[in-house]
Amino acid sequence: MTKTKLYPWTALVLLTALNLLNYIDRSVLFAVQELVKSEFHLTDTQLGYLTTVFLGFYMIAAPFTGPLADRYSRKMIIILGAIFWSALTLLTAVTHTYWELLVRHTLVGVGEATFVTIAPTFVADLFPENKRGRIFGVFYLAIPVGTAVGYLLGGKLGTHFGWRFPFYIAAFPGFLLALALLFIPEPPRGQFDSLKETPDRGTLLGLARNPAFWTVTLGMAAGTFSLGGIQVWMPTFLSRARGYSLESANLMFGKIVVVAGILAALIGGWLGDRLLPRMKSSYYFVSAISMGLGVPVMIVALFSRGPLMLPAIAVAAFLLLVNTSPLNTALVNSVGAHIRATAIAVNIFIFHLLGDVPSPTLMGYVADRRSLQDAFILPVIAMAISSAILFYGMRFAPPVGVQNRPQSLGGNLG
């Protein structure tokens, strides 16, 4: 019994640790952008293009890995993908031109797509439905923590030992964690799902006309446009437009992201689970509210130069990240287990295509022609659009975790 209880938590810890490395590797580049720009004599548009190409190939690879994971061992695909991206991260040592860095970054995106497409389906099958929000809250702690660690590693080590050095630190643990996963059994697909796999929930044709899936995907796309642009450019903005050193800007923003992100991931998942018995659309609702509240706070963060600036950045980061766990839970719940990896692959393709693939380059384009502060207007607009889409999507949420609950709990609202 003890072994049975320990197994899902051990699997969750390993997968969360791999997810952590995934986001560390991405955000190290954001922290050392000014150093890369100086060495290779780049424009802001070229800097933004590094992230755009990474995410472009990442999203293109996802639709190929998703269907494979719905047919073959998810565990083995995750392991091979982690080894692949960790090995490529080490190749930073031999990148001596902008184009070499671009190719390396592109291939890392392909490797990481295997993990991000498949791991959420693995996690969803480890625990009951009514705990999914909280469990995904733990799994997606990797986003703020990994992003913050990347900023801190890059900001501290990059300025002292060169911008390539932090990538070496980020690469080695990936090999060890991938090998540790060999000893974890793969859970049965959909073992805790309560809803039947209807044509709308369990087939590719059904996916095309599944409004629960499409509203969460489009809401996530707009939110990702905002988050992607902010995390790429905020340290540079603090350094260039607000007078902080690059090291202190990365340190400051890294601390904000890690504290706000941990609180946001845990609170967002808990709120979604807590409201679920009363409101079938709880995951959409929590995300829509957080995005809507984030708009005025983000405006204060960008245009205030006084003591309000840093607290506003912290609150805006919290509100942006609150939706991470609820939205991913809503995504998983919108489809059946046997098409889940494919649905996540389609979701990844669309929300990156419309979200953080174009946003860094578009913001760099505006910054080159106007100012970096003006470029941040784009993510503010995207937050408002995300909130509107998610409020609309509440009506389509499937009754996961609501059926068979006492009506005294509030029934099936939302």
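Owing to the predicted nature of the structure, the values given are computational and were not obtained by experimental measurement. (Residues numbered from 1 in each chain as written. Predicted model: local features only at pLDDT ≥ 70, side-chain atom pairs only at ≥ 80, totals over all residues. Heavy atoms only, no water.)

Digging into the overall build of the protein chain
Now for step 1: Looking only at helices and strands, the protein chain features 19 helices and 0 strands.
Now for step 2: Dimensions of the protein chain, computed from C-alpha atoms along their principal axes, come out at roughly 60 × 45 × 40 Å.
Now for step 3: By the burial criterion, 60% of the 414 residues in the protein chain qualify as buried.
Now for step 4: A separation of at least 24 residues holds for 84% of the contacts in the protein chain among residues at least 6 apart in sequence.
Now for step 5: Accessible surface, the protein chain: about 15800 Å² in total, of which carbon and sulfur atoms supply 72%.
Now for step 6: On the protein chain, the mean spot of the 29 positive side-chain charges and the mean spot of the 18 negative ones are 8 Å from each other. (Helix = DSSP H or I, 4+ residues; strand = E, 2+ residues; numbered from the N terminus. Buried < 20%, exposed > 50% of the residue type's maximum accessible area, 1.4 Å probe, protein only. Contact = heavy atoms within 4.5 Å. Areas by Shrake-Rupley, 256 points an atom, 1.4 Å probe, with all protein chains shown as cover. Lys, Arg positive; Asp, Glu negative; His and termini not counted. Charge placed at Lys NZ, Arg CZ, Asp CG, Glu CD.)

With respect to the packing of aromatic side chains
Now for step 1: What the rule picks out here adds up to 11 aromatic pairs.
Now for step 2: An angle of 80° between the planes, with centres 4.8 Å apart, marks the rings of Phe 139 and Tyr 140 as edge-to-face.
Now for step 3: On the basis of relative accessibility, which here comes to 2%, the residue Phe 139 falls in the buried class.
Now for step 4: Ring centres of Tyr 392 and Phe 396 lie 5.4 Å apart, and the angle between their planes is 70°; this geometry places the pair in the edge-to-face category.
Now for step 5: For Tyr 392, a relative accessible area of 44% gives the class partly exposed.
Now for step 6: Put simply, the rings of Trp 85, Phe 115, Phe 136, Phe 139 and Tyr 140 pair up and form one aromatic cluster.
Now for step 7: The ring of Phe 167 has Arg 104 sitting right over it, with the charged end atom 4.9 Å from the ring centre. (Phe/Tyr/Trp six-rings, centres within 6.5 Å; stacked < 30°, edge-to-face > 60°. Lys NZ or Arg CZ within 6 Å of the ring centre and 35° of its normal.)

Observations regarding the pattern of salt bridges
Now for step 1: Taken as a whole, this structure holds 6 salt bridges when the rule is applied.
Now for step 2: Note that Glu 186 is salt-bridged to Arg 74, the shortest N-O span being 2.9 Å. One end of the pair, Glu 186, is in the loop between α8 (165-180) and α9 (199-202); the other, Arg 74, is in helix α4 (residues 74-90), with 112 residues separating them in the sequence.
Now for step 3: Residue classification places Glu 186 among the partly exposed positions, given a relative accessible area of 28%. (Salt bridge = Lys/Arg side-chain N within 4 Å of Asp/Glu carboxyl O.)

As for the packing of helix α11 (residues 211-240) against helix α14 (residues 309-322)
Now for step 1: In contact at an axis separation of 11 Å, α11 and α14 are set at 150° when each is read in the N-to-C sense. Regarding the angle of α11 to α14, the classification is roughly antiparallel. In the crossing of α11 with α14, the sense of the turn from one axis to the other is left-handed. Contacts from Gly 223, Ser 226, Leu 227, Ile 230, Met 234 and Leu 238 in α11 reach Met 309, Ile 313, Leu 320 and Leu 321 in α14.
Now for step 2: A class-by-class count of the residues in the contact of α11 with α14 yields 8 nonpolar, 2 polar and no charged. (Axes fitted to C-alpha atoms, helices over the stretch in contact; angles between N-to-C directions. Parallel < 35°, antiparallel > 145°, perpendicular 65-115°, else oblique. Left-handed = near helix turned anticlockwise from the far one by under 90°. Nonpolar A, V, L, I, M, F, W, Y, C, P; charged D, E, K, R; others polar.)

Here we look at unusual backbone geometry
Now for step 1: For His 41, which is not a glycine, the phi torsion comes out positive at approximately 55°.
Now for step 2: Inspection of the secondary structure assignment puts His 41 in the loop between α2 (33-40) and α3 (44-71).

Some remarks on the side chain of Asn 333
Now for step 1: With respect to the helices and strands, the residue Asn 333 is situated in helix α15 (residues 324-333).
Now for step 2: Excluding anything up to four places from it in sequence, Asn 333 contacts Arg 132, Arg 201, Tyr 283, Pro 398 and Val 400.

Looking at the packing of helix α13 (residues 282-303) against helix α19 (residues 377-393)
Now for step 1: Relative to each other, α13 and α19 sit at 160°, their axes nearing to 8 Å. Taken together, the axis directions place α13 and α19 in an arrangement best described as roughly antiparallel. As α13 packs across α19, the resulting crossing turns out to be left-handed.
Now for step 2: When grouped by side-chain class, the residues that make up the contact of α13 with α19 number 16 nonpolar, 6 polar and no charged.

Remarks on the confidence of the model for the protein chain
Low-pLDDT portions of the prediction should not be read for the details of their coordinates.
Now for step 1: Of all residues in the protein chain, 95% attain a pLDDT of 70 or more, and the chain-wide mean is 84.
Now for step 2: In the predicted structure, residues 403-414 sits below a pLDDT of 50 and forms 23 contacts with residues beyond four places in sequence or in another chain. (pLDDT = per-residue confidence, 0-100.)

Brief notes about the nonpolar core
Now for step 1: Among the nonpolar cores identified, the biggest contains 129 residues, and Met 234 and Phe 376 are the most heavily contacted of them.
Now for step 2: Among residues more than four places away in sequence, those in contact with Met 234 are Phe 253, Met 298, Leu 302, Ile 313 and Phe 376. (Core = buried A, V, L, I, M, F, W, Y, C linked by side-chain atoms within 4.5 Å.)

A word on a nonpolar patch on the surface
Now for step 1: Taken together, the side chains of Ile 299, Phe 303, Ile 377, Ile 381 and Ile 385 present a nonpolar region at the surface, about 440 Å² in accessible area.
Now for step 2: If you list the elements that add at least two residues to the nonpolar patch, you get α13 and α19.
Now for step 3: Here the element with the most residues in the nonpolar patch is α19; it accounts for 3 residues.
Now for step 4: Among the structural elements, Ile 385 can be located in helix α19.
Now for step 5: Residue Ile 385 is classed as partly exposed on the basis of its relative accessible area of 44%. (Patch = residues over 30% accessible without salt bridge, like charges linked within 9 Å, V, L, I, M, F, W, Y side chains within 5 Å.)

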